[in-house]
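An overview of the molecular structure
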Protein chains: 2
Amino acid sequence: MNARHPRHSHLPSTAIVREVGLRDGLQSIATILPTDLKCEWIRVAHAAGQREIEVGSFVPARLLPQLADTAELLAFARTLPGLFASVLVPNLRGADAAIAGKADLMIVPLSASHAHSLANLRKTPDDVVAEVARIRAARDAAGSKALIEGGVGTAFGCTIQGRVEKSEVLRLMQALLDAGADRVSLADTVGYADPAMVEDLFEAAVKIAGDRFWCGHFHDTRGLGLANVYAALQVGVRRFDACLAGIGGCPHAPGASGNVSTEDLAYMLGSMGIATGIDIARLLALRARVAGWLGGETLHGALWQAGLPKTFEAEATAV
Amino acid sequence: MNARHPRHSHLPSTAIVREVGLRDGLQSIATILPTDLKCEWIRVAHAAGQREIEVGSFVPARLLPQLADTAELLAFARTLPGLFASVLVPNLRGADAAIAGKADLMIVPLSASHAHSLANLRKTPDDVVAEVARIRAARDAAGSKALIEGGVGTAFGCTIQGRVEKSEVLRLMQALLDAGADRVSLADTVGYADPAMVEDLFEAAVKIAGDRFWCGHFHDTRGLGLANVYAALQVGVRRFDACLAGIGGCPHAPGASGNVSTEDLAYMLGSMGIATGIDIARLLALRARVAGWLGGETLHGALWQAGLPKTFEAEATAV
């Protein structure tokens, strides 16, 4: 525990950084990373202390060739002790693959923006809710223990329809729970959130979902990613998605950054005395390797350039 | 007022973004911007709604040739209606120039890190306090109305000595007030702060200085600049330094970013319904021009790439 910055009463003592670089990051860039390098990424992230990794997405390879090796990655991830492996599944077909591959958790994305949902998923949000019910039935019928997470995206607005009502976001979140989702999450898919909006919406969401509220997913598109994380921490959220080197970008804003970067987030949490279990020095070494593998891709994040402060106490991050 | 994101009770209704790019920004980069372009910067920033600008520093030109035209800039700034012009003054000699030039405010920097103070200012922190007493006497003797701001830097640690004790920061802040400073501020000179540290220290500082607590100065060296601003807002701080395009860098971390970027900060505040008086579209247009003037310099900030969200309500920023 960091003696200098006593934990604030409103901050948790531990938090989890879920690595989504292999899914949300890699699906958004042109480079196709070979399977052996992805396995190496997962192996070293695990060695650096990361315990939750989204390894890929069970979508048709013709749609996302970058993620065609998700089944192999899931099999590899399951060999690492204590690693909680998740995959994105857009539908029942994907869920069947996740169940067969013994994923620990499957994330079903729902877009609260009807326009965005139709454009991206070719379904209405309520169609996705119905699909979650089918996934739940299939999961239970298979005797699988894979958790189902309903992830409500465009929760703060969207680039197509603009505003997304808070009441609609919360209605869909409740509908996902009612349909059988074990967990629900909120995502600022396009980087429209500010910290006040986050406190407002996440507070209401946690009130509804309680312990089933799982994760905050923030993009750093307009530089507010970590401020939004800090706001979510205030209302009890303890798990955040992040991409190593902030890879991913935003398809609607060329050159703009994607998810919050894993290393900057782990640093912020660790500096505040919130244990994540992550060894940041090892994470930065991994970042350097991944940066090499990704050649000309635009990367993000600040810590890798500046390094850890002289005052940073590494033991603060140990769980 | 932004109807969608009602102000939180713990957030202020207005805040001030003080532009320090012409001082903290330009002093840290190699490019020497011609005086006419600096005047254009000040003129357009004022037209975009900025009402507080630090125009330069009264230090010997041989030390900072980038800022040799501070007297001319101050004279120009005084022609713009409602513009509150500040300058940095390291000592009584600088203060004499600021008083002669009719600055509205002179900022006297003090480094709470003794090692940093000796290395950068060649004085102990308490020597600086004594100098502030002399500046106050000179100001009063001249019948000047220029306010004196004591800015306590390296308030969260320093790259030379590492830790800086909170008690020492607060002692020096009190000493500055006792010596005659009208205002006091805290600066995270090297980007060591995290939001929990900010809430902790700024809360104590505001308790001591009350309305005389003036400004938070955050560097984005490790990506936490805006999160730190959000934390300071929680404890009642309403004025923040920022550099257009985040220029400035950190001499101890090549390539790392400098102050929080004016445009991203103005966006965060405006998005939360906190009025700053700044027209962000005009500010982004100015950023593009300044970026052109600064040629090969490394710039920072996210908003300029992504643009304002479709949901952003411009009227929210009007005072």
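Residues numbered from 1 in each chain as written. Chains lettered and ligands numbered in written order. Predicted model: local features only at pLDDT ≥ 70, side-chain atom pairs only at ≥ 80, totals over all residues.

Brief notes about the overall build of chain A
Regarding its fold elements, chain A presents 12 helices and 8 strands. Against the globule reference of 20 Å for 319 residues, chain A gives a C-alpha radius of gyration of 18 Å, in line with a compact fold. Across its three principal directions, the C-alpha atoms of chain A cover 50 × 40 × 40 Å. Contacts in chain A between residues far apart in sequence, at least 24 positions, make up 74% of those at least 6 positions apart. (Helix = DSSP H or I, 4+ residues; strand = E, 2+ residues; numbered from the N terminus. Rg over C-alpha atoms; globule rule 2.2 N^0.38 Å. Contact = placed C-beta atoms within 7 Å.)

Focus: the interface of chain B and chain A
On the side of chain A, 44 residues touch chain B, which itself brings 44 residues to the contact. Among the elements that line the side of chain B that touches chain A, the one with the most residues is helix α8 (residues 195-209) of chain B, at 5 residues. Here the side of chain B that touches chain A is built from residues that sort into 20 nonpolar, 15 polar and 9 charged. (Nonpolar A, V, L, I, M, F, W, Y, C, P; charged D, E, K, R; others polar.)

A few points about the nonpolar core
Buried together is how nonpolar side chains tend to be arranged in soluble globular proteins. With 214 residues, the main nonpolar core has M106 and L176 of chain A together with M106 and L176 of chain B as its most contacted residues. When residues of this core are assigned to their parent elements, the largest contribution, 8 residues, is made by helix α7 (residues 166-179) of chain A. (Core = buried A, V, L, I, M, F, W, Y, C linked by C-beta atoms within 7 Å. Buried ≥ 20, exposed ≤ 12 C-beta atoms within 10 Å, placed from the backbone.)

So, α7 of chain A
Residues and elements named next belong to chain A. If you check α7, its first and last C-alpha atoms are 20 Å apart, about what 14 residues at 1.5 Å a residue would give, namely 20 Å. Within the sequence span of α7, burial applies to V169, L170, L172, M173, A175, L176, L177 and A179. Those residues of α7 that are buried lie in contact with β4 (105-111), α6 (125-141), β5 (147-153), β6 (183-188) and α8 (195-209). Where α7 ends, the next residue or the one after it, G180, has phi of about 115 degrees, a positive value. (Expected span 1.5 Å × (residues − 1).)

Points about the environment of R78 of chain A
All names here are of chain A. Relative to the assigned elements, R78 resides in the loop between α3 (70-77) and β3 (84-88). Residue classification places R78 among the partly exposed positions, given that 14 C-beta atoms sit within 10 Å. Taking C-alpha positions, R78 is 8.1 Å from K102, a pair spaced 24 residues apart along the chain. With near-sequence residues (within four places) excluded, R78 lies in contact with A85 and K102.

Things to note about the pairing of strand β7 (residues 213-218) of chain A
Residues and elements named next belong to chain A. The element β7 is extensively covered by neighbouring structure, given that 6 of its 6 residues are classed as buried. As paired strands, β6 and β7 are joined by 5 bridges and run parallel to one another. Of the residues in β7, the one forming a bridge with A187 is H217. On the question of chirality, the crossover connecting β6 to the parallel β7 by way of α8 is right-handed. (Pairing = 2+ DSSP bridges. Right-handed = clockwise from strand over helix to strand, strands pointing away.)

Some details on unusual backbone geometry
Residues and elements named next belong to chain B. The phi angle at T154 is positive, at roughly 45 degrees, despite the residue not being glycine. Mapping T154 onto the fold places it in the loop between β5 (147-153) and α7 (166-178). With phi around 65 degrees, A245 is a residue other than glycine that occupies positive phi space. With respect to the element layout, A245 can be found in the loop between β8 (239-242) and α10 (262-271).

Examining the pairing of strand β3 (residues 84-88) of chain B
Residues and elements named next belong to chain B. Taken across its 5 residues, β3 has 4 buried, putting it largely inside the fold. Of the pairings in the sheet, the one linking strand β2 (residues 52-57) to β3 comprises 5 bridges and is parallel in character. Residue pairing in the sheet places I53 in a bridge with A85 of β3. For β3 and strand β4 (residues 105-111), the ladder comprises 3 bridges, and the chain directions are parallel. Its bridge partner being in β4, S86 is matched across the sheet by L105. Handedness of the β-α-β unit built from β3, helix α4 (residues 92-100) and β4 comes out right-handed.

Some thoughts on the relation of the copies chain B and chain A
With an RMSD of 0.0 Å, the operation that places chain B on chain A is a rotation of 180 degrees combined with a shift of 0.0 Å along the axis. Here the two chains are linked by the operation of a two-fold rotation axis. Closest approach to the rotation axis among the C-alpha atoms of chain B is made by A227 of chain B, whose C-alpha sits 1.9 Å away. Of the interface residues in chain B, 100% have counterparts in chain A that sit at the interface too, so the contact is made through matching surfaces. (Least-squares fit on C-alpha atoms with pLDDT ≥ 70 in both.)

Some details on the packing of α10 of chain B against helix α11 (residues 280-293) of chain B
Residues and elements named next belong to chain B. The N-to-C vectors of α10 and α11 enclose an angle of 170 degrees; their axes lie 10 Å apart at closest approach. In terms of orientation, α10 and α11 fall into the roughly antiparallel class. Packed against α10, whose contacting residues are T262, E263, A266, Y267 and G270, the element α11 presents I280, L283, L284 and R287 at the interface. Classifying every residue of the contact of α10 with α11 gives 5 nonpolar, 2 polar and 2 charged. (Axes fitted to C-alpha atoms, helices over the stretch in contact; angles between N-to-C directions. Parallel < 35°, antiparallel > 145°, perpendicular 65-115°, else oblique.)

Observations regarding the confidence of the model for chain A
Averaged over every residue, the pLDDT of chain A is 93; the share at 70 or more is 93%. Note on residues 1-7 of chain A: pLDDT under 50 across the span, and 13 contacts to partners over four residues away in sequence or across chains. (pLDDT = per-residue confidence, 0-100.)

Let's talk about the environment of W41 of chain A
Residues and elements named next belong to chain A. Looking at where W41 falls in the secondary structure, it is placed in helix α2 (residues 35-47). The buried category is assigned to W41, around which 23 C-beta atoms lie within 10 Å. Once the C-alpha coordinates of W41 and V152 are considered, the two residues, 111 residues apart in sequence, prove to be 27 Å apart. Discounting chain neighbours no more than four positions away, the residues touching W41 are L22 and V290.

A closer look at the packing of α7 of chain A against α8 of chain A
Residues and elements named next belong to chain A. Closest axis-to-axis distance for the α7/α8 pair is 11 Å, and the angle between their directions is 25 degrees. Our classification of the angle between α7 and α8 gives roughly parallel. Relative to α8, α7 is oriented so that their crossing is right-handed. Note on element contacts: α8 touches α7 through L201, A204, A205, I208 and A209, opposite K166, V169, L170, M173, Q174 and L177. Partitioned by chemical class, the residues of the contact of α7 with α8 number 9 nonpolar, 1 polar and 1 charged. (Left-handed = near helix turned anticlockwise from the far one by under 90°.)

Details of the environment of E313 of chain B
Residue and element names in this part refer to chain B. Assignment of secondary structure puts E313 in the segment after α12 (303-306). Judged by the 17 C-beta atoms lying within 10 Å of it, E313 falls in the partly exposed class. Along the sequence, E313 and G270 sit 43 residues apart, while their C-alpha atoms lie 8.2 Å from each other.

Quick notes on α3 of chain A
All names here are of chain A. Those residues of α3 not exposed but buried are T70, L73, L74, F76 and A77. Along the axis of α3, the buried residues cluster in a sector spanning 160 degrees; they form a single face. Looking at the buried side of α3, the elements it contacts are α1 (21-25), α2, β2 (52-57) and β3. (Arc of directions from axis to C-beta.)

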